[in-house]
Amino acid sequence: MKRTERINISVDPEMSDEWRDWADGLGASVSELVRKSMKFVKNNIGDLAKLERLGHKLEIMGEDIEQALKDSGIEEIGEKIEEQFGKKKGKPKNKITIILNPDKKERIKKRVSGLIKLHNNLPIEKLAQALDKSNEEAENLVYELVAIGIKGTLDGGVFKFTDTSEEVILKLNELIDKM
């Protein structure tokens, strides 16, 4: 029979609760998870010097990536994006300016028009797909429609308008033109 020995591990209370939750979720005990984790580390790393060498290589690689990013100018683009969203200035901007080329705008208008004619309402998810935007951005566009006079209700992710389809399409096209 194989002899076992107990090792006590001390962790802060939050980590203890977190480990117990993980173990419960996996249908195992914390001890079993620790044993399996240590076995994995031993089998895949084996030697701590190996891990240290890997860490050093990753550190050098990280420095090389940072230098490549700096040389490429991508950092400047990131700063410009942050400024656009107001993070650098300390205050958020009200609108995000997205410039679309005219051909893309016309394709989007046709998709949205077809969507409205097909459904006789405006499903947010499908609108987002037609606009190539997030659901949140599509929903915000619906709120803009309401703000400029289109009447309707938003229920279960679908904007059910009471105005005519043509009026909704006209107003949406105006908003798309402003993108």
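Further up the page is the structure itself.
Note that the coordinates shown come from a computational prediction; the quantities given were computed from them, not determined experimentally.

A. Quick peek at the overall build of the protein chain. Along its length, the protein chain carries eight helices and three strands. Its helices and strands taken in sequence order, the protein chain reads α-α-α-α-α-β-α-α-β-β-α from the N to the C terminus. A total of 179 residues make up the protein chain; the buried ones form 21% of that total. For the protein chain, the share of sequence-separated contacts (at least 6 apart) that also reach a separation of at least 24 residues comes to 39%. Summing over all exposed atoms, the protein chain offers an accessible surface of approximately 14200 Å²; the carbon and sulfur share of this is 53%.

B. Inspection of the sheet that holds strand β2 (residues 152-155) at higher detail. Spatial ordering of the open sheet is given by β1-β3-β2, a layout of three strands whose pairing is antiparallel. Both outer strands of the open sheet, β1 (122-123) and β2, are each paired with one neighbouring strand and no more. One ladder, built from two bridges, connects β1 with strand β3 (residues 158-161); its direction is antiparallel. Pairing of Pro123 across the sheet is with Val158, part of β3.

C. Just a nonpolar patch on the surface, in detail. Nonpolar side chains collect at one region of the surface, where Leu48, Leu51, Leu54, Leu58, Met61, Ile65, Leu69, Ile74, Ile77 and Ile81 lie side by side and expose about 930 Å² of accessible area between them. Elements with a contribution of two residues or more to the nonpolar patch: α3 (48-72) and α4 (74-84). A total of seven residues in the nonpolar patch trace back to one element, the largest contributor, which is α3. By the secondary structure assignment, Ile65 is in helix α3.

How each quantity is defined
- Residues numbered from 1 in each chain as written.
- Predicted model: local features only at pLDDT ≥ 70, side-chain atom pairs only at ≥ 80, totals over all residues.
- Heavy atoms only, no water.
- Helix = DSSP H or I, 4+ residues; strand = E, 2+ residues; numbered from the N terminus.
- Buried < 20%, exposed > 50% of the residue type's maximum accessible area, 1.4 Å probe, protein only.
- Contact = heavy atoms within 4.5 Å.
- Areas by Shrake-Rupley, 256 points an atom, 1.4 Å probe, with all protein chains shown as cover.
- Pairing = 2+ DSSP bridges.
- Patch = residues over 30% accessible without salt bridge, like charges linked within 9 Å, V, L, I, M, F, W, Y side chains within 5 Å.
- Salt bridge = Lys/Arg side-chain N within 4 Å of Asp/Glu carboxyl O.

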